[in-house]
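Fold and geometry: a report
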Amino acid sequence: MALPACAAPVLWPPLQPEREAPARTTCPRRHSRVEAELAESRPGSVAASVSADPPRGVSRGFNSQPLTDEPLKASSSQAGAARAPLFALLPRGRRRRMHDLRRRWDLGSLCRALLTRGLAALGHSLKHVLGAIFSKIFGPLASVGNMDEKSNKLLLALVMLFLFAVIVLQYVCPGTECQLLRLQAFSSPMPDPYRSEDESSARFVPRYNFSRSDLLRKVDFDIKGDDLIVFLHIQKTGGTTFGRHLVRNIQLEQPCECRVGQKKCTCHRPGKRETWLFSRFSTGWSCGLHADWTELTSCVPAVVDGKRDAKLRPSRNFHYITILRDPVSRYLSEWRHVQRGATWKASLHVCDGRPPTSEELPSCYTGDDWSGCPLKEFMDCPYNLANNRQVRMLSDLTLVGCYNLSVMPEKQRNKVLLESAKSNLKHMAFFGLTEFQRKTQYLFEKTFNMNFISPFTQYNTTRASSVEINEEIQKRIEGLNFLDMELYSYAKDLFLQRYQFMRQKDHQDARRKRQEQRKFLKGRFLQTHFQSQGQVQSQNPSQNQSQNPNVNANQNVTQNLIQNLLQNLTQSSSQNSIQKENRENPKQNPGQEQSDSNTSNGTNDYIGSVEKWR
């Protein structure tokens, strides 16, 4: 109910400025805003009627309900009139804070409305663009301005599928090395993994002539029998890495047992307490530290079968393997190793049943080791075993009087040592090169029919590669190791020829297998075709005779073909030998050749070859 007008001055007395706070005249705009709020708070005023509803486009925030300190009560005109001046009676600081809060709320509502409308407009325009693309690609399935619900769902499904494919591609191929992201993958074939480790030319030009038996190295290694692999480990050739591959990285029925903290592993044959590998990591240095060819050939049989009687010793095969390295890199690597304190004093150098004397093999240093020696001093020592080490360790030293240099002239001695090293290397079961790790793995797997678990890694950065030498020092090192240089050139040529020969053999075997498979499938197809045709003709003989007067002749030909196919598919080895004898003597039975038809003869020869393959 409305109050009388005379009560208005009493209920709403005019606000008086506070006595303690001085009147502010510096901000007239602020005073005008306060007066406007007071005018709005009075009922019946023009401002109150204007501000009854918020402006159009502004959401109802705190403007919809007056802010009071008391809880809301039942709506009535008297209660509303009583609560209206409470906002004006609040302190100025609180009124200012509440006013700022209301203004920020309205601004946030406006921003949200603009953001919603902007996103709606962006989605609408994107819908039109995707609709246009969809209509261009898939035809007039949906128009740009009028897309039905089904087309919208299909378009959404395509977009989601594309996004899912992008996410999966990022997980599968996170880097730039993925072949799917390269344009060359669609135009060029996949690179050869065995060629990526070196920079050799695609066409290798051999320098030496080797026979087929020299190139085809395939050892019938029986790990369950008595055969033994002997690893000749030459210093600083990567033999430690290769030796670990033999005991830790090879697929076996009974893998080697390698315990933590122990260098040696137990490599027993399946079902036996006997080793199949004679190396540093399986049997240790049983014949001395880095034993050479002369020591191993005389020591290994005695170590393996020494406890048995000579009559009870099995006739086992000893398959020798080794790794070679570029002589200059190996020489520098050994020098760096000697600088760190390596001496190899435990090497026995046994030849003809005795080690060399101090006069035959003098030492290059006087102390406990040769640590810290410069390269010039290392090269100046004439008794340094690092010179031509690979030739010395692969040759038979008994041919030149072991370490006694007075047996024959130096030139003749070098020639005998080099020829002996080449011969032993060629007749070894396997040898690899440090510079060709993947090719070494490939040839070992093909030679022994044993596969490694993980591929070998080619390390192009070594301690030797970090040594910077000039051309003069390099030529001097090559001169000191001239026998090793000749041996390495020979070994590299033989190694690459064996690799190319084995790769060509694999390609030929795969091509021959594909051809035989195609022939076999074609023969099966002909067999099933003729059988089905014969069954159809046998089921409807009267109908076929009424339709075709010459059906008897066709049936006879078909039946003959079927009989010939079945006979050739079920023939035994004795029949094959009889056919070979008939082919060698064609004049003995000329009537049989004339009686068979052309089609049956061609089919017999073809299916016979298929059955021979089976």
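Residues numbered from 1 in each chain as written. Predicted model: local features only at pLDDT ≥ 70, side-chain atom pairs only at ≥ 80, totals over all residues. Heavy atoms only, no water.

Regarding the pattern of salt bridges
As a reminder, the rule being used: One speaks of a salt bridge when a side-chain nitrogen belonging to Lys or Arg is within 4 Å of a carboxyl oxygen belonging to Asp or Glu. Numbering of helices and strands starts at the N terminus; helices are DSSP runs of H or I of at least 4 residues and strands are runs of E of at least 2. Any residue under 20% of the maximum accessible area for its type is buried, any over 50% is exposed, and the rest in between are partly exposed; the area is computed with a 1.4 Å probe on protein chains only.
On inspection of all chains with the given rule, the structure shows 13 salt bridges. For R316, the salt bridge goes to E274, with nearest N and O atoms at 3.0 Å. One end of the pair, R316, is in the loop between α10 (293–305) and β3 (318–324); the other, E274, is in the loop between α9 (239–248) and β2 (277–278), and 42 residues separate them in sequence. According to the relative accessible area criterion, E274 is buried, its value standing at 16%. Here E334 and R389 are joined by a salt bridge, their closest N and O atoms 2.7 Å apart. Here E334, found in helix α11 (residues 327–339), pairs with R389, found in helix α13 (residues 389–394); they are 55 residues apart in sequence, far enough to count as distant. Linked through salt bridges whose partners overlap, the residues forming this network are E274, D305 and R316.

Notes on the packing of α11 against helix α16 (residues 471–480)
The relative placement of two packed helices comes down to the angle between their axes together with the axis-to-axis distance. Just so we agree on the cut-off: For helices, the axis comes from a line fit to the C-alpha atoms of the stretch in contact; other axes are also lines fit to C-alpha atoms, and the angle between any two N-to-C directions lies between 0 and 180 degrees. Orientation labels follow simple angle bins: below 35 degrees gives roughly parallel, above 145 gives roughly antiparallel, 65 to 115 gives roughly perpendicular, and whatever is left gives oblique. The contact criterion used is simple: two residues touch if any of their non-hydrogen atoms lie within 4.5 Å. In this classification, Asp, Glu, Lys and Arg are treated as charged, Ala, Val, Leu, Ile, Met, Phe, Trp, Tyr, Cys and Pro as nonpolar, and every other residue, Gly included, as polar.
Contact pair α11 / α16: the axes reach a minimum separation of 10 Å and the direction vectors enclose 95°. Considering their axes alone, α11 and α16 lie roughly perpendicular with respect to each other. Contact residues: α11 offers V328, Y331 and L332, while α16 offers Q474, I477, E478 and L480. Within the contact of α11 with α16, the residues separate by chemical class into 5 nonpolar, 1 polar and 1 charged.

Quick look at unusual backbone geometry
Phi at W344 is positive, roughly 55°, even though this residue is not glycine. With respect to the secondary-structure elements, W344 resides in the loop between α11 and α12 (375–380). Notably, N388 is not glycine yet its phi reads approximately 55°, a positive angle. Within the secondary structure, N388 sits in the loop between α12 and α13.

Observations concerning a nonpolar patch on the surface
As a reminder, the rule being used: Exposure above 30% relative accessible area and no salt bridge define the residues that can form patches, which grow by joining like charges within 9 Å and nonpolar side chains of Val, Leu, Ile, Met, Phe, Trp and Tyr within 5 Å. Using the Shrake-Rupley algorithm and a 1.4 Å probe, accessible areas are obtained, with residue cover drawn only from the displayed protein chains.
A surface patch of nonpolar side chains, amounting to about 550 Å² of accessible area, comprises L156, V159, M160, F162, L163 and V166. Structurally, L156 can be placed in helix α7 (residues 149–172). Looking at L156, the relative accessible area reads 54%, which means it is exposed.

What about the nonpolar core?
Quick note on the threshold: Grouping buried Ala, Val, Leu, Ile, Met, Phe, Trp, Tyr and Cys residues that are joined through side-chain atoms within 4.5 Å yields what is termed a nonpolar core.
In terms of nonpolar packing, the biggest core is built from 71 residues, with F242, W276, L296, I321, L394, F444 and F448 touching the most fellow members. Those residues in contact with F448 that sit more than four places away from it in its chain are V219, F221, I229, H319, I321, A429 and F430. Within the second largest apolar cluster, 17 residues are counted, among which are Y331, W370, L375 and M379.

A look at the state of the cysteines
We apply this condition: When the sulfur atoms of two cysteines come within 2.5 Å, that pair is taken as a disulfide.
According to the stated counting rule, one finds 5 disulfides in the structure shown. Here C258 engages in a disulfide with C265; their sulfurs sit 2.1 Å apart. One disulfide, between C258 and C265, carries an S-S torsion of 115° and so falls in the right-handed class. Classification of C258 by relative accessible area gives partly exposed; the value is 27%. Here C265 falls in the buried class, since its relative accessible area comes to 3%. Shown here is the disulfide that connects C351 with C402, its sulfur atoms set 1.8 Å apart. The chirality of the disulfide connecting C351 with C402 is left-handed, given an S-S dihedral of about -70°. Here C351 is found in the loop between α11 and α12, whereas its partner C402 is found in the loop between α13 and α14 (410–427), with 51 residues between them in sequence. Exposure class is identical for C351 and C402. Each is buried.

Description of the packing of aromatic side chains
Here is the rule: Only rings of Phe, Tyr and Trp enter the pairing, Trp through its six-membered ring, and a pair is recorded when the two centres are within 6.5 Å. The plane angle decides the type: under 30 degrees is stacked, over 60 is edge-to-face, the rest tilted. In this analysis the charged atom, NZ for Lys or CZ for Arg, is taken to sit over a ring once it is within 6 Å of the ring centre and within 35 degrees of the ring normal.
Going through the model one piece at a time under the given rule, you end up with 20 aromatic pairs. Considering the side-chain rings of W370 and F378, the 5.4 Å spacing of their centres and the 35° angle between planes classify their relative orientation as tilted. Accessibility assignment for this pair places W370 and F378 in one class, buried. Between the aromatic rings of F430 and F444, the centroid separation amounts to 5.3 Å while the plane-to-plane angle is 80°, which identifies the pairing as edge-to-face. With F430 in strand β4 (residues 430–433) and F444 in helix α15 (residues 437–448), this residue pair connects regions lying 14 residues apart in the sequence. You can call F430 buried: its relative accessible area is 2%. By the ring-pair criterion, three or more aromatic residues cluster together here, those being F221, F231, F242, W276, F430, F444, F448, F452 and F456. Residue placement shows K439 over the ring face of Y499; its charged tip is 5.2 Å from the ring centre. Over the ring of Y442 we find R503, and its NZ or CZ is 5.7 Å from the ring centre.

A word on the confidence of the model for the protein
In plain terms, the rule: Here pLDDT means the predictor's own confidence in every residue, given as a number from 0 to 100.
Here the protein averages 75 in pLDDT, while 62% of its residues score no lower than 70. Taking the mean pLDDT of every element in the protein, the minimum, 41, falls on helix α21 (residues 590–595) and the maximum, 98, on α13.

Describing the sheet that holds β2
To keep it simple, the criterion reads: Pairing between strands requires that DSSP locate at least two bridges from one strand to the other.
Pairing in this open sheet of 4 strands is parallel, and the strands run β2-β1-β3-β4 from one edge to the other. Where the open sheet ends on each side, the last strands, each with one partner, are β2 and β4. Of the pairings in the sheet, the one linking strand β1 (residues 228–232) to β2 comprises 2 bridges and is parallel in character. Directly across from I229, in β2, lies its bridge partner L277. Sheet strands touched by α10: β1, β2 and β3. Its angle to β1, the strand with the most contacts, is close to 145°. Taken strand by strand, α15 contacts β1, β3 and β4, and its axis lies near 170° from that of β4.

Description of the pairing of β4
Burial of β4 is two-sided: the residues F430 and G432 facing one way and the residues F431 and L433 facing the other way are all buried. As paired strands, β3 and β4 are joined by 4 bridges and run parallel to one another. Looking at β4, one finds that I321 is bridged to F430.

Concerning the environment of N460
Topologically, N460 is positioned in the loop between α15 and α16. For the pair formed by N460 and T434, sequence separation is 26 residues and the distance between their alpha carbons is 10.0 Å.

Brief notes about the side chain of N414
Looking at the secondary structure, you find N414 in helix α14. Taking the relative accessible area as the measure of exposure, N414 reaches 17% and is therefore buried. Non-local contacts of N414, meaning those with residues more than four positions away in its chain, are made with F482 and L483.

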